[in-house]
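Residue-level structural notes
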Amino acid sequence: MKGLKKFILIVEDDSFLSDIYQNQLKQEGFETEVSTDGKSALKVLEKKRPNLIVLDMIMPGMNGFDFLEIMRKEKKNDDIPVFILTNLGQDEDKKRCRELRECSYFVKTEISIDDVVRKIKEQVS
Amino acid sequence: MKFSDLKITRQLIVFFFFLLTVPLLGLSIFFYFQTVRIIQDTKNNLRYVSVIHENRLNTILQGFNRRFEDMRADSVFQDIFLDFLNVPSKENRLKVETAVVNRHISDGSFPDFFLLNQDGTVVFSSDQREGLGRNHASDSFFTTGKAARRWHIQKYGTTDVFAYLSGPYIRENQFFGVLVLRVDFAPFLSLHENFKTLNKTGELQLVEANGNGWRLITPTRFSTTTNPSSLTDRLYDQTMVLENNFFEAKDYRDRNVFAILRLLDEKNLGLIVKIDKDEVFLPLLLLARSIILIFSFLLAFGLVLIFFFYVHVTRPLAQLVRATKSIEKGEKNYDLPAESKNEIGILVTAFQRMTRNLLLSNSHLEKRVVERTLMLNKRIAQINNEKVKDDALLSSIGEGLIVTDKEGVILLVNQATATMFGIKKEDVSGSHFSEVVLLKNISGRPMPFLAGHPVFEALSGAKKTVGVEFISERFGGGSDGSGFFPLALTATPIVVNGQTIGSVAIVRDITKEKEVDRMKSEFISIASHQLRGPIASIKWYGELLGKQKGTFQKESREFVERINVSTEHLISLVNDFLNVSRIESGSLKSEPKTIHPSVLVKNIVETYQQEIEKKKITVRIKNRSLFKDFFMDPEMIREIYANLIANSIKYSKRCGNISIRLSDESETTDLVLEIKDDGVGIAKEEHGRIFTKFFRASNALEGGYKGTGLGLYTAQMLATQIGGRIWFESEKGHGATFWVRLPRKAK
């Protein structure tokens with residue numbers, strides 16, 4: 001399946017971080033697109049179905065929780081795996097996300113960027 | 001009314017008369033039976049005497065009778081007498097005389113006699129005295145021509161008494177004359193003499209039937225010289241009662257007598273034996289007199305004694321009693337018995353002294369009462385003054401003040417307390433502390449009034465508790481509507497002479513402080529979250545930088561390395577901040593699972609393996625826990641244990657030793673983790689602050705050990721939240737030992 005690159009949607013308002021995701025994932029041969037909030041991410045979803053979504057929680061505009069909720073309502077988006085990479089480390093937050101299926105939850109500072117990329121690769125392939 | 005209630009004098013009188021009455025009653029009975037006995041004895045004696053004399057008299061009378069009958073039955077003499085009656089010649093008269101003398105008076109002792117013809121005319125008499133005639137014979141001789149022999153007594157002068165025996169002559173049923181024999185009665189006249197020796201008033205008397213009664217025919221013992229006819233003719237009074245011949249009557253002397261009457265063989269004659277009642281009863285009378293005399297004397301003596309007793313004992317006593325009553329009523333004037341040297345006198349003297357002393361001490365007392373009252377009034381005024389001050393002070397204190405007794409019962413609360421708990425000051429005194437202040441610990445668990453409750457601790461341990469935070473219910477709802485508010489409570493025992501007599505609790509509503517705290521925590525939380533973003537950038541770019549090979553000089557590579565280390569430190573700092581703020585805000589929820597503490601400890605130690613190896617530390621883990629299963633939140637336990645284990649590794653010197661031991665005593669007892677190291681230790685003066693937020697020991701700072709000062713704080717917060725406890729022993733430079741005691745089941 002060369003030619004058809006895997007598409008990763010990155011929802012992250014911090015451009016430093018979205019740059020890092022993009023750089024690293026592109027190096028690994030993924031096609032990426034960055035949305036800075038939930039609303040624009042939903043717009044991307046209307047056009048294109050990603051193989052995986054990297055999602056931040058705290059964002060201006062529509063935050064990650066709301067985005068997940070709306071997204072999961074659409075049948076076609078039901079099975080898209082979501083990697084939540086957030087600053088929120090509390091159990092309640094993790095639990096809340098788990099209810100919204102197909103989610104992996106990571107606290108940004110607790111994981112290295114290499115591990116993020118590796119886990120995404122594992123998930124997508 | 002009881003005898004003992006009577007006044008003493010009356011008691012004595014009653015007692016005395018009782019003492020007299022009993023013997024008197026006895027004596028009366030004695031006298032009664034004695035009288036009966038004497039009468040009976042008298043009867044017997046009289047009868048005895050009368051029988052003897054009756055026989056004697058009968059014998060005498062029969063002697064005379066025989067002579068009379070001899071003469072009357074002499075037929076030769078009858079013929080001579082008839083011849084003389086037919087021819088009363090001198091010659092025939094001489095024949096009669098001769099015949100009588102020859103045939104009957106030959107011995108010369110024959111009494112005088114005379115003969116009557118059938119008309120009653122004396123035709124012949126042996127004595128020529130005047131007065132002899134028909135009156136000496138019975139009339140019936142002449143009217144019927146026949147009759148039995150008859151005795152007739154005739155008295156003459158003062159002493160002469162004659163008895164005439166008369167009887168008719170009858171031949172061939174033809175009455176033709178009467179023979180009369182005159183007997184000298186002298187032998188009978190001394191009858192009473194026979195009785196003389198026996199007694200003083202006893203008499204023996206002959207009596208002759210006289211109509212309905214009896215007349216005396218013998219002289220009496222007491223009047224031999226007086227005319228017997230005037231005496232002896234006296235009848236015994238008509239009321240005399242015959243009972244077996246025995247009777248009681250008045251005699252000629254008008255004396256009461258006991259007497260017996262016996263009829264002689266000649267039925268118109270009787271014998272009376274009598275004795276004066278006075279004589280019979282004399283001994284008894286004398287006895288009675290002496291007894292009466294004795295009793296009178298006793299009575300008089302007793303009365304005198306009672307009177308004496310009254311004068312000398314009862315009257316003074318009664319006076320004393322009156323005096324006592326007067327004093328009791330508060331009267332000043334009262335009489336006292338005269339002074340004397342006997343017991344009463346001593347009593348009176350003592351009484352006077354006592355009364356004097358009483359009055360004296362009364363006046364003293366009154367004086368002192370006045371003095372004391374003044375003093376007290378002054379003191380009360382002082383106290384009131386102080387109380388006003390105290391009240392003002394208490395009510396002006398912003399913090400709540402609750403004073404309890406040693407059982408925890410509220411004695412006093414100030415206005416601030418009342419406002420704080422939504423109660424009325426007056427309502428709560430007397431209630432128990434735990435009823436008014438519904439205390440919960442910060443995790444919201446109710447605190448029973450047992451060990452752990454600050455007031456209980458203060459009362460039982462006499463220790464002061466310092467500003468521990470609690471939550472309490474506010475009656476009528478709190479400001480937030482939930483009814484609960486946070487408060488800080490300091491309980492201090494009130495110790496007097498080493499005895500805890502109560503406690504003073506100072507309570508402060510720390511809602512505002514908590515709010516500030518919460519805002520602070522929230523701020524830290526948000527700040528930390530916000531920090532994580534850029535930190536993650538730094539971390540990841542650092543990582544990428546570190547991976548680029550050959551691009552940097554060796555020195556630059558080291559700089560990148562240091563940036564990465566600092567970033568990790570920054571991350572852990574932020575994590576700690578977040579942890580603390582989460583625990584403090586209470587948002588950390590426990591999710592118990594079955595865990596195995598020994599496995600957990602091993603896992604934790606493994607995560608620090610790199611550092612352990614670097615410092616060449618020896619870690620020994622011993623599991624002395626008897627029971628493996630614990631139902632706890634694993635994350636919380638991990639956090640607690642990891643903090644302590646990380647600390648001991650961090651503060652261990654190179655080649656140090658750490659020993660970790662898990663132990664418990666039974667299925668129900670708590671699990672204790674002991675972590676002992678030989679590291680830098682904690683200075684004594686810093687022991688009190690070791691669990692406070694951001695505190696770092698001076699030697700830790702000096703040694704350049706990195707840390708946030710939040711580890712122990714977090715561990716203790718968590719342990720407390722699940723009902724456990726952390727404590728330690730340490731000395732600076734000699735390592736430290738920490739213990740964590742956790743319940744087997746999360747509360």
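Summary of the structure given here.

Definitions and limits used
Residues numbered from 1 in each chain as written. Chains lettered and ligands numbered in written order. Predicted model: local features only at pLDDT ≥ 70, side-chain atom pairs only at ≥ 80, totals over all residues. Heavy atoms only, no water. Helix = DSSP H or I, 4+ residues; strand = E, 2+ residues; numbered from the N terminus. Buried < 20%, exposed > 50% of the residue type's maximum accessible area, 1.4 Å probe, protein only. Contact = heavy atoms within 4.5 Å. Areas by Shrake-Rupley, 256 points an atom, 1.4 Å probe, with all protein chains shown as cover. Buried area = accessible area lost by both parts, 1.4 Å probe. Salt bridge = Lys/Arg side-chain N within 4 Å of Asp/Glu carboxyl O. Polar contact = N/O pair within 3.5 Å; in protein donor to acceptor, adjacent residues only side chain to side chain. Nonpolar A, V, L, I, M, F, W, Y, C, P; charged D, E, K, R; others polar. Patch = residues over 30% accessible without salt bridge, like charges linked within 9 Å, V, L, I, M, F, W, Y side chains within 5 Å. Pairing = 2+ DSSP bridges. Axes fitted to C-alpha atoms, helices over the stretch in contact; angles between N-to-C directions. Parallel < 35°, antiparallel > 145°, perpendicular 65-115°, else oblique. Left-handed = near helix turned anticlockwise from the far one by under 90°. Phe/Tyr/Trp six-rings, centres within 6.5 Å; stacked < 30°, edge-to-face > 60°. Lys NZ or Arg CZ within 6 Å of the ring centre and 35° of its normal. Core = buried A, V, L, I, M, F, W, Y, C linked by side-chain atoms within 4.5 Å. Expected span 1.5 Å × (residues − 1). Arc of directions from axis to C-beta.

Description of the overall build of chain A
When helices and strands are tallied, chain A shows five helices and five strands. Buried positions account for 52% of the 125 residues belonging to chain A. Taking the intrachain contacts of chain A between residues at least 6 apart in sequence as the baseline, contacts between residues at least 24 apart amount to 62%. Surface summary for chain A: the accessible area is close to 6,400 Å², and the carbon and sulfur share equals 47%.

Describing the interface of chain A and chain B
Counting from both sides, the interface comprises 23 residues of chain A and, opposite them, 18 residues of chain B. With both sides pooled, the region where chain A packs onto chain B buries about 1,800 Å², and carbon together with sulfur makes up 56% of that total. For the pair chain A and chain B, the number of links is one salt bridge. In this structure, Lys547(B) and Asp114(A) form a salt bridge, with 2.3 Å as the shortest nitrogen-oxygen distance. Linking chain A to chain B there are eight residue pairs in polar contact (both at pLDDT 80 or more). Elements with a minimum of two residues in the side of chain A that touches chain B: α1 (15-27), α4 (91-98) and α5 (113-124) of chain A. Sort the elements by how many residues they give to the side of chain A that touches chain B and α1(A) lands first, with six residues. By residue class, the composition of the side of chain A that touches chain B is 10 nonpolar, six polar and seven charged.

What to know about the side chain of Asp664(B)
Residues and elements named next belong to chain B. Counting through the fold element by element, Asp 664 comes out in the loop between β20 (657-663) and β21 (671-677). We classify Asp 664 as buried; its relative accessible area is 10%. Once residues lying within four places of it in the same chain are set aside, the contact partners of Asp 664 are Arg 624, Ser 625, Leu 626, Phe 627, Phe 630, Thr 669, Asp 670, Leu 671 and Arg 744.

Quick word on a nonpolar patch on the surface
All names here are of chain B. Together, Leu 25, Ile 29, Tyr 32, Phe 33 and Val 36 line one region of the surface with nonpolar side chains, adding up to about 550 Å² of accessible area. Secondary-structure assignment places Tyr 32 in helix α1 (residues 8-73). What makes Tyr 32 exposed here is its relative accessible area of 54%.

Quick notes on the pairing of strand β23 (residues 736-742) of chain B
Residues and elements named next belong to chain B. Where burial is concerned, most of β23 is hidden: six out of the seven residues are buried. Pairing geometry for β21 and β23, over seven bridges, is antiparallel. Residue Lys 676 lies in a different strand from β23, and its bridge partner there is Thr 737. In this sheet, β23 lies alongside strand β22 (residues 725-730) in antiparallel orientation, the contact comprising six bridges. Bridge pairing in β23 links Arg 725 to Arg 741. In this antiparallel pair of consecutive strands, β22 and β23, the connection spans five residues, and Gly 733 shows a positive phi of 85°.

Overview of the pattern of salt bridges
Residues and elements named next belong to chain A. Scanning all chains against the criterion turns up 20 salt bridges over all chains. Between Asp 79 and Arg 49 there is a salt bridge, with its nearest N and O atoms 2.9 Å apart. Placement of Asp 79 in the loop between α3 (64-73) and β4 (82-86) and of Arg 49 in the loop between α2 (38-47) and β3 (52-55) is noted, with a sequence separation of 30 residues between them. Given a relative accessible area of 45%, Asp 79 falls into the partly exposed group. Connected via shared salt-bridge partners are Glu 12, Asp 56 and Lys 108.

Brief notes about the sheet that holds β3(A)
All names here are of chain A. A sheet is described by the order of its strands in space; here five strands give the open sequence β2-β1-β3-β4-β5, paired in parallel fashion. Edge positions in the sheet fall to β2 (31-35) and β5 (103-107), since each of these pairs with one other strand and no more. Going from strand to strand, the sheet's axes swing by 15° on average, the running direction of each strand aside. Judged from the four bridges that link them, strand β1 (residues 7-11) and β3 form a sheet pairing that is parallel. Across the sheet, the residue bridging to Ile 8 is Leu 52, located in β3.

Regarding the packing of helix α16 (residues 597-607) of chain B against helix α18 (residues 634-650) of chain B
Residue and element names in this part refer to chain B. Contact geometry for α16 and α18: axes closest at 10 Å, N-to-C directions at 50°. As the angle between them shows, α16 and α18 are arranged oblique. At the point where α16 passes α18, the crossing takes the right-handed sense. Together, Leu 600, Val 601, Asn 603, Ile 604 and Val 605 of α16 and Pro 634, Ile 637, Arg 638, Tyr 641, Ala 642 and Ile 645 of α18 make up the contact between the two elements. Looking at the contact of α16 with α18 residue by residue, the class counts come to nine nonpolar, one polar and one charged.

As for the sheet that holds β23(B)
Residues and elements named next belong to chain B. The strand order across the open sheet formed by five strands is β18-β20-β21-β23-β22, and the pairing between neighbours is mixed. Each having just a single partner strand, β18 (618-624) and β22 make up the two edges of the open sheet. Across this sheet, the average inter-strand angle for adjacent strands is 10°, counted without regard to direction. Sheet strands touched by helix α20 (residues 711-721): β22 and β23. Its angle to β22, the strand with the most contacts, is close to 140°.

Points about the packing of aromatic side chains
With the rule as written, the count across this model stands at 19 aromatic pairs over all chains. On the basis of an interplanar angle of 80° and a centroid distance of 5.6 Å, the ring pair of Phe30(B) and Phe31(B) is categorised as edge-to-face. In this structure Phe30(B) comes out as partly exposed when scored by relative accessible area, which is 37%. Look at Phe31(B) and you get buried, because its relative accessible area is 17%. Joined through ring pairs, the aromatic side chains of Phe77(B), Phe81(B), Tyr169(B) and Phe176(B) make up one cluster. It is Lys48(A) that lies over the ring of Phe7(A); its NZ or CZ is 4.3 Å from the centre.

A short note on the nonpolar core
Residue and element names in this part refer to chain B. Among the nonpolar cores identified, the biggest contains 50 residues, and Met 71, Phe 77, Phe 81, Val 96, Phe 113, Leu 115 and Tyr 169 are the most heavily contacted of them. In terms of residue count, α1 provides more of this core than any other element does, 11 residues in total. Setting aside anything within four residues of it in sequence, one finds Phe 77 in contact with Met 71, Val 96, Ala 99, Val 100, Leu 115 and Tyr 169. Counting residues in hydrophobic clusters, the runner-up holds 43 residues, among them Ile 604, Val 605, Tyr 641 and Leu 718.

Quick word on helix α2 (residues 75-86) of chain B
Residue and element names in this part refer to chain B. Between its first and last C-alpha, α2 extends 16 Å over 12 residues, near the 16 Å set by a 1.5 Å rise per residue. Taken residue by residue, α2 has Phe 77, Gln 78, Ile 80, Phe 81 and Phe 84 as its buried positions. All buried residues of α2 project into a common sector of 165° when viewed along the axis, lining one side. Near the N-terminus of α2, the side chain that reaches the backbone nitrogen of Val 76, with its oxygen 3.2 Å away, is that of Asp 74.

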